[in-house]
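Breakdown of the fold
Here's the letter readout for the chains.
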Amino acid sequence: MGEEIFNAATGAIDIIAPEFALNPQPTIRAMLEQCPIANIPYTGWALLTRYEDVAWALRHPEIFSSEMGDFLQLGNVRPMIPQQIDPPLQVRFRKILDSQFTKKMVARIEPALREHARSLIAAIIEQGECEFDAAYAIPLPCKAFLEFMGLPVEEMELFLAMKNGVIRPDAPPIDMVRCTQLRAETGQQIYRYFEKLIDARSAAPREDLMTYLVQVELEGRRLTREEILDICYLFLLGGLDTVTATLGCNMAYLAEHPAHRRRLSRDPSCLEGAVEELLRWETPVTILPRVLKQDIELHGISMAAGQVVNIMISAADLDETEFPRSGEVDFDRERNRHLAFGLGPHRCLGSHLARIELRVGMEEWHRAIPDYAIKPGEIPRVSPGIREFQYLPLVWGKR
Amino acid sequence: MKLCLESGLCVGHGRCYELAPELFAADESGHALLRVAVVPPELESKARRAADNCPESAIGFE
Ligand code: HEM
Ligand code: SF4
């Protein structure tokens with residue numbers, strides 16, 4: 001298992017292999033044992049894998065910068081805020097954004113979210129089967145996010161197309177030229193869309209996050225138009241894709257692990273622990289890119305300033321030194337400092353929003369459909385990078 | 001048992017006030033605040049749980 005994906009002699013790991021996206025844990029566990037610093041064969045970029053190294057890197061933005069320069073453009077022409085800027089400026093932006101994404105602020109979406117979950121389930125329960133991504137994992141978080149932002153829910157398809165055009169352009173990942181071109185085209189469309197929205201909220205303010213961005217002051221001045229665009233661009237990418245991916249990963253795992261599934265269905269008190277442990281096990285956002293600001297040496301490997309280093313949080317989350325019995329999925333894990341939402345200054349701004357969506361989404365599904373399986377004879381399809389189960393056919397007994 | 005919070009390390013993951021709301025609260029940006037200075041004996045295991053689950057290791061004891 002995993003030999004062809006990971007080459008222990010060279011440390012090369014084929015992170016875009018479909019088998020790896022589908023079932024990464026065995027390969028990652030083999031890699032952790034043999035090789036603290038792996039590399040990506042296409043680019044030669046280094047990949048930090050151990051919990052200790054990963055945590056250290058994420059806590060030291062002055063060494064591991066998020067200012068990517070020309071690397072890894074997601075169709076944007078300026079850095080996305082706050083993800084692609086470093087402290088201290090990044091921290092100043094977080095000061096005005098954090099207050100909008102607290103546990104308390106996100107709690108207000110819960111009733112509508114729950115109702116939406118129930119209506120999505122009601123629409124499919126009698127069929128005894130569904131393709132999970134389209135039926136549940138995509139619409140549930142997307143509607144919640146659009147409502148949270150104050151964006152028009154009827155335009156969900158447009159938002160999804162813009163998000164997909166950037167994250168998964170419609171070309172093979174290896175064809176980098178075509179991918180870059182498609183990303184740039186979609187990027188322009190995103191800027192144009194939000195330009196119009198900024199004008200609309202400036203002219204007619206509402207009680208929503210878009211209006212907040214137009215009105216809020218950063219150290220005594222309003223945000224510039226470009227700053228607002230750079231924030232919205234990131235919200236679109238960060239808020240629409242990640243929860244969808246996590247829901248799919250969770251359900252695929254539970255579909256194949258009946259004891260865990262039964263436990264979650266019978267004992268809702270383990271919901272919180274289950275969500276955290278599945279975040280650890282699946283870590284659907286797998287790799288965070290950084291650029292070195294200085295030369296470093298780690299585990300005998302020298303890395304030069306200017307080089308890209310990838311921080312593999314999905315590997316850190318399986319590291320036995322931090323997580324005893326790391327290969328076991330244990331909803332009652334006493335100590336779970338998983339890095340699925342990152343760490344340090346760039347800790348996921350949307351983590352509280354994501355958690356409420358995951359809890360409500362999982363709870364409502366299991367209340368209505370406690371027992372289900374992957375449709376016999378079918379193989380799910382998972383995208384690399386952000387691991388979205390784009391094809392996840394589930395079946396269950398009709399009641 | 002005295003509870004310590006290193007505010008400079010806290011980035012607002014919110015694990016502490018989720019797991020031990022008796023001991024921790026959130027400020028308006030979602031960063032942790034201490035509700036008590038000394039942990040009552042019956043809450044000691046909860047306090048340890050919160051400290052163990054803070055990804056930034058911002059919570060300690062004296
Ligand atoms: C389960 C779902 C989610 C996962 C696994 C996830 C994961 C992450 C990770 C790992 C980072 C750190 C990036 C880095 O250090 O370079 C991050 C940052 C971020 N996330 Fe999330 N995320 C999720 C949901 C969301 C949602 C719903 C939003 C809503 C807008 C969001 C918005 C952001 C933003 C704005 C940042 C940048 C923060 C900064 O750089 O200061 N995320 N996310
Ligand atoms: S768990 Fe740690 S980082 Fe998170 S809010 Fe509590 S003290 Fe802060």
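Please refer to the structure higher up on the page.
The structure contained in this document is the topic of the report that follows. (Residues numbered from 1 in each chain as written. Chains lettered and ligands numbered in written order. Predicted model: local features only at pLDDT ≥ 70, side-chain atom pairs only at ≥ 80, totals over all residues. Heavy atoms only, no water.)

A few words on the site of ligand 2. Residues and elements named next belong to chain B. In the neighbourhood of ligand 2, 13 residues make up the surrounding shell, with C10, H13, G14, C16 and C54 lying closest. Ranked by the residues each element gives to the shell around ligand 2, the list is headed by helix 1 (residues 15-19), at 3 residues. Among the residues making up the shell around ligand 2, the classes are represented as 8 nonpolar, 3 polar and 2 charged. (Near = heavy atom within 4 Å. Helix = DSSP H or I, 4+ residues; strand = E, 2+ residues; numbered from the N terminus. Nonpolar A, V, L, I, M, F, W, Y, C, P; charged D, E, K, R; others polar.)

Residues and elements named next belong to chain A. Residue placement: T211 occurs in helix 11 (residues 209-215). Assessed through its relative accessible area of 2%, T211 is described here as buried. Setting aside its immediate chain neighbours within four residues, T211 contacts R201, P205 and R206. (Buried < 20%, exposed > 50% of the residue type's maximum accessible area, 1.4 Å probe, protein only. Contact = heavy atoms within 4.5 Å.)

Following the criterion strictly, the structure yields 0 disulfides over all chains and no others. With no disulfide of its own, A:C232 has A:C142 as its nearest cysteine by sulfur position, at a separation of 16 Å. (Disulfide = S-S within 2.5 Å.)

So, about the environment of A:D199. Residue and element names in this part refer to chain A. On the secondary structure map, D199 appears in helix 10 (residues 176-203). Distance from D199 to R225, taken between C-alpha atoms, is 9.7 Å for residues 26 residues apart in sequence. A polar contact is formed between the side chain of D199 and the side chain of R225, at a distance of 3.0 Å. (Polar contact = N/O pair within 3.5 Å; in protein donor to acceptor, adjacent residues only side chain to side chain.)

Here we come to the nonpolar core. All names here are of chain A. In terms of nonpolar packing, the biggest core is built from 110 residues, with F132, F194, F235, W365 and L394 touching the most fellow members. Take this core: its biggest share by element is 18 residues, from helix 12 (residues 225-256). If near-sequence neighbours (up to four positions away) are discounted, F194 is found in contact with L151, F159, M210, L229, C232 and L236. With 22 residues, the next largest nonpolar core counts A46, Y51, L288 and F323 among its residues. (Core = buried A, V, L, I, M, F, W, Y, C linked by side-chain atoms within 4.5 Å.)

For a metal with four tetrahedral donors the ideal donor-metal-donor angle is 109.5 degrees, whereas six octahedral donors ideally subtend 90 or 180 degrees. You will see that the iron atom of ligand 1 has only one donor from the protein, A:C348 (SG), lying 2.3 Å away. With respect to the helices and strands, the residue A:C348 is situated in the loop between helix 15 (313-316) and helix 16 (351-368). (Donors = N, O, S within 2.8 Å, 3.2 Å for Na, K, Ca; no water.)

Tallied over the full model, the rule gives 13 aromatic pairs over all chains. Ring centres of A:F101 and A:F235 lie 5.3 Å apart, and the angle between their planes is 65 degrees; this geometry places the pair in the edge-to-face category. Here A:F101, found in the loop between helix 4 (89-98) and helix 5 (103-107), pairs with A:F235, found in helix 12; they are 134 residues apart in sequence, far enough to count as distant. Of the two residues examined, A:F101 and A:F235, each falls in the buried class. Aromatic side chains A:F159 and A:Y193 sit 5.1 Å apart centroid to centroid with 75 degrees between the ring planes, which places their arrangement in the edge-to-face category. Of this pair, A:F159 sits in helix 9 (residues 156-167) while A:Y193 is found in helix 10, placing the two residues 34 residues apart along the sequence. Through successive ring pairs, a cluster of aromatic residues spans A:F132, A:Y136, A:W365, A:Y372 and A:W396. Across the ring face of A:Y372, the terminal group of A:R261 is positioned such that the distance to the ring centre comes to 5.4 Å. Positioned above the aromatic ring of B:F61, the side-chain terminus of B:R48 is 5.8 Å from the ring centre. (Phe/Tyr/Trp six-rings, centres within 6.5 Å; stacked < 30°, edge-to-face > 60°. Lys NZ or Arg CZ within 6 Å of the ring centre and 35° of its normal.)

These results come straight from atomic positions and should not be treated as a statement about function.
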